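Chain by chain, the residues run as shown.
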Amino acid sequence: MKVISGPASTELAEKISIELGCPNVPVASKIFPDGESYVRIDGDVSGEDVALVQTTCPPAQDGRLLQLAFMADAAKRAGARKVTAVVPYLAYARQDKVFLAGEGVGVETIARMLKAAGLDNMLTVNIHSEAALAQFPFPAETVSAIPLLAEHFVAEGHGDAFALAPDKGAMYIAEQAQAVLGGGAGHLDKKRDRYTGQTVQTASGLDLKGQTVIIFDDIISTGGTIVGAAKILKEQGAKHVFCACVHPLLIGDAEKRILEAGVEEIIGTDSVPGKVSKVSLAPLLSGELRAH
Ligand code: R5P
């Protein structure tokens, strides 16, 4: 196998190559003056199984998706035998169903586009809804980085923390964290208005006074969900509040607002490279690639 370093994930791709002990193939990329993307695979991939590592997080997720499609096409034209996309953060994953009449299903459209470009299969991380993968036109798998995040907190001395999901849908995440932490798990309730996007969070049957609580979620985007959860925890008298997510998008002033709400530290993975991305997905992804 050869690992191709997509322009959005060069560091992660290099780490995966090292873990696998296989060659890393760089990609030359640029944006033309009119805004169009260009990529060129700078190495021989003829006859090879290749892992194309490219996250598609903001900013410029549309451009990153196009780069991924262009790299898949380039790899196939260069004679690659099998092209596996390793896409830690898959853009449009939250557009996984028709919520209101007149909408399409964004993530399925993306998958069909990538199939047409030459992709044979995909590996992603904590996709928002695993059910969406069943509609993809190629084999696609999601793996969970929550145990890695929980292990980070154990190493930091918070092995007895309570794992909190900010809504019922994320309870499976809190349970995965609790399996590592061992300090209990639970969830808040969250309701979203589909037209305005506004959410309301409540806690029923949870009393976390005096406890160390880590809020676990798949994505932090605007930070609204974590801010709401942190406020509830602070009102309840939680002693320490941390938060962890797989995909720290942290749009706008999300980080500032989360810290101002009383969260002591935000921890994410290099699915979205940045200041809080202290946990690398390389061991998890290389393990999956090796197993297949
Ligand atoms: C939603 O169900 C997701 O799991 C996240 O909770 C959500 O996407 C976070 O978004 P935001 O940070 O904008 O509240």
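Conventions and cut-offs
Residues numbered from 1 in each chain as written. Predicted model: local features only at pLDDT ≥ 70, side-chain atom pairs only at ≥ 80, totals over all residues. Heavy atoms only, no water. Pairing = 2+ DSSP bridges. Helix = DSSP H or I, 4+ residues; strand = E, 2+ residues; numbered from the N terminus. Contact = heavy atoms within 4.5 Å. Axes fitted to C-alpha atoms, helices over the stretch in contact; angles between N-to-C directions. Near = heavy atom within 4 Å. Polar contact = N/O pair within 3.5 Å; in protein donor to acceptor, adjacent residues only side chain to side chain. Areas by Shrake-Rupley, 256 points an atom, 1.4 Å probe, with all protein chains shown as cover. Nonpolar A, V, L, I, M, F, W, Y, C, P; charged D, E, K, R; others polar.

Caption draft 1: Layout of the pairing of strand S12 (residues 199-202). Inspection of the sheet shows strand S11 (residues 189-192) paired to S12 by 4 bridges, in the antiparallel sense. Across the sheet, Lys 190 pairs through a bridge with Gln 201, a residue of S12.

Caption draft 2: Region of the structure containing the sheet that holds strand S9 (residues 162-165). Judged by pairing direction, the sheet is parallel, and its 5 strands sit side by side in the order S10-S9-S13-S14-S15 without closing on themselves. Strands with a single pairing partner mark the edges of an open sheet, and in this sheet they are strand S10 (185-187) and strand S15 (266-267). Helix H4 (residues 146-155) rests against strand S13 (212-220), strand S14 (240-248) and S15 of the sheet, and its axis sits at about 145 degrees to S14. Those strands touched by helix H5 (residues 171-181) are S9, S10 and S13, and its axis lies near 170 degrees from that of S9.

Caption draft 3: Expanded view of the site of the ligand. Neighbouring residues of the ligand: 13 residues in total, closest Asp 217, Asp 218, Ser 221, Thr 222 and Thr 225. For the ligand, an oxygen atom lies 2.5 Å from a polar atom in the side chain of Asp 217. In the model, an oxygen atom of the ligand is placed 2.8 Å from a nitrogen or oxygen of the Ser 221 main chain. Surface burial for the ligand is 87%, taken as the share of its 380 Å² of free accessible area covered by protein chains. Of all the secondary structure elements, the ones that give two or more residues to the shell around the ligand are S13 and helix H6 (224-236). Looking at which element gives the most residues to the shell around the ligand, the answer is S13, with 4 residues. Looking at the shell around the ligand residue by residue, the classes come out as 2 nonpolar, 6 polar and 5 charged.

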